[in-house]
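If you want the building blocks of each chain, they are given just below.
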There are 2 protein chains.
Amino acid sequence: MSPIKVDHIAVVVEDMDAALKFWQDALGLPLGGTERNEHEAVEVAFLPVGESRIELLKPISDDSGIAKYLAKRGAGMHHVCIAVTDIEAAMAKIAGQGFELINDTPRTREDGTRYAFVHPKSTGGVMIELYEVPEEKA
Amino acid sequence: MSPIKVDHIAVVVEDMDAALKFWQDALGLPLGGTERNEHEAVEVAFLPVGESRIELLKPISDDSGIAKYLAKRGAGMHHVCIAVTDIEAAMAKIAGQGFELINDTPRTREDGTRYAFVHPKSTGGVMIELYEVPEEKA
């Protein structure tokens with residue numbers, strides 16, 4: 001029931017090429033893939049490191065959540081995603097202790113992964129994402 | 001030569017007890033240990049998760065780097081630490097591509113771990129720490 005691992009650290013970037021120059025070329029992480037997520041209005045690059053990955057997020061519209069974050073806070077770390085085996089149990093435990101979830105029920109990505117966010121106001125300024133990882137992959 | 005893993009994610013907190021209520025009690029991470037680092041003027045709590053850990057940092061003086069960060073930016077994620085096998089090679093590669101290191105040469109912790117920071121102005125707003133992990137532990 002305990003969290004399994006850091007699934008990813010999400011970083012908001014202004015310029016994807018410049019960000020890849022650092023994370024890929026200078027730091028030496030492999031580029032695992034890129035995708036354009038129209039729903040979230042972001043271009044994403046995944047760079048695996050150990051059992052985790054760095055996710056670089058570049059807004060592709062001015063009115064997305066990520067674009068607003070970039071305008072308000074500037075580029076930098078956006079959230080940390082923790083993998084759990086049972087997202088409903090994890091959410092119930094968090095909410096039950098008075099912490100505020102952004103999503104009352106899990107949302108589902110196109111690849112089937114279930115996820116939810118915990119509000120940063122509730123956790124001392126850290127946006128936390130929970131990912132459900134099936135037990136057999138944990 | 002590639003980075004090995006996310007060693008830790010450092011989070012600046014205002015109130016250690018409140019932070020532990022979230023990370024330990026609600027999220028369910030085990031408390032790996034605590035220490036008082038007089039040199040950095042922080043109280044630290046370590047919470048392992050997979051091969052990484054969350055490090056909660058609470059300033060214990062008003063003029064430390066972490067205290068100034070807290071006053072300026074508020075509580076939240078402070079840096080991400082990436083483990084590498086050869087810190088001098090990693091630093092040379094980063095500096096050689098024009099990115100700015102905060103430390104020109106590795107510093108050494110009391111436990112012997114060698115580390116260095118990359119300046120967030122240089123990386124798109126993310127403070128990166130490099131930790132050298134001996135090859136046999138990698």
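Residues numbered from 1 in each chain as written. Chains lettered and ligands numbered in written order. Predicted model: local features only at pLDDT ≥ 70, side-chain atom pairs only at ≥ 80, totals over all residues. Heavy atoms only, no water.

> Would you take a moment to explain the sheet that holds strand β1 (residues 5-12) of chain A for this structure?
To summarise the sheet geometry, strands pair through backbone hydrogen bonds and adopt either a parallel or an antiparallel arrangement. All names here are of chain A. The strand order across the open sheet formed by eight strands is β2-β3-β4-β1-β5-β8-β7-β6, and the pairing between neighbours is mixed. Edge strands, defined here as strands with exactly one partner in the open sheet, are β2 (33-37) and β6 (107-108). As paired elements, β6 and strand β7 (residues 114-118) share two bridges and run antiparallel to each other. The residue bridging R107 from the neighbouring strand is Y115, located in β7. Against the sheet, helix α2 (residues 65-73) engages β1, β3 (42-49), β4 (52-59) and β5 (76-84), with an angle of about 85 degrees to β4. (Pairing = 2+ DSSP bridges. Helix = DSSP H or I, 4+ residues; strand = E, 2+ residues; numbered from the N terminus. Contact = heavy atoms within 4.5 Å. Axes fitted to C-alpha atoms, helices over the stretch in contact; angles between N-to-C directions.)

> I keep staring at the sheet that holds strand β8 (residues 128-132) of chain B and nothing clicks. Help me out?
Residue and element names in this part refer to chain B. Spatial strand order, β2-β3-β4-β1-β5-β8-β7-β6: eight strands in an open sheet with mixed pairing. Either end of the sheet is taken by a strand with one partner, and the two such strands are β2 (33-37) and β6 (107-108). Across seven bridges, strand β1 (residues 5-12) lies against strand β5 (residues 76-84) in antiparallel orientation. Across the sheet, V11 pairs through a bridge with M77, a residue of β5. Together, β1, β3 (42-49), β4 (52-59) and β5 form the strand contacts of helix α2 (residues 65-73), whose direction differs from that of β4 by roughly 85 degrees. Sheet strands in contact with helix α3 (residues 87-96) are β5, β7 (114-118) and β8, and its direction is about 15 degrees off that of β7.

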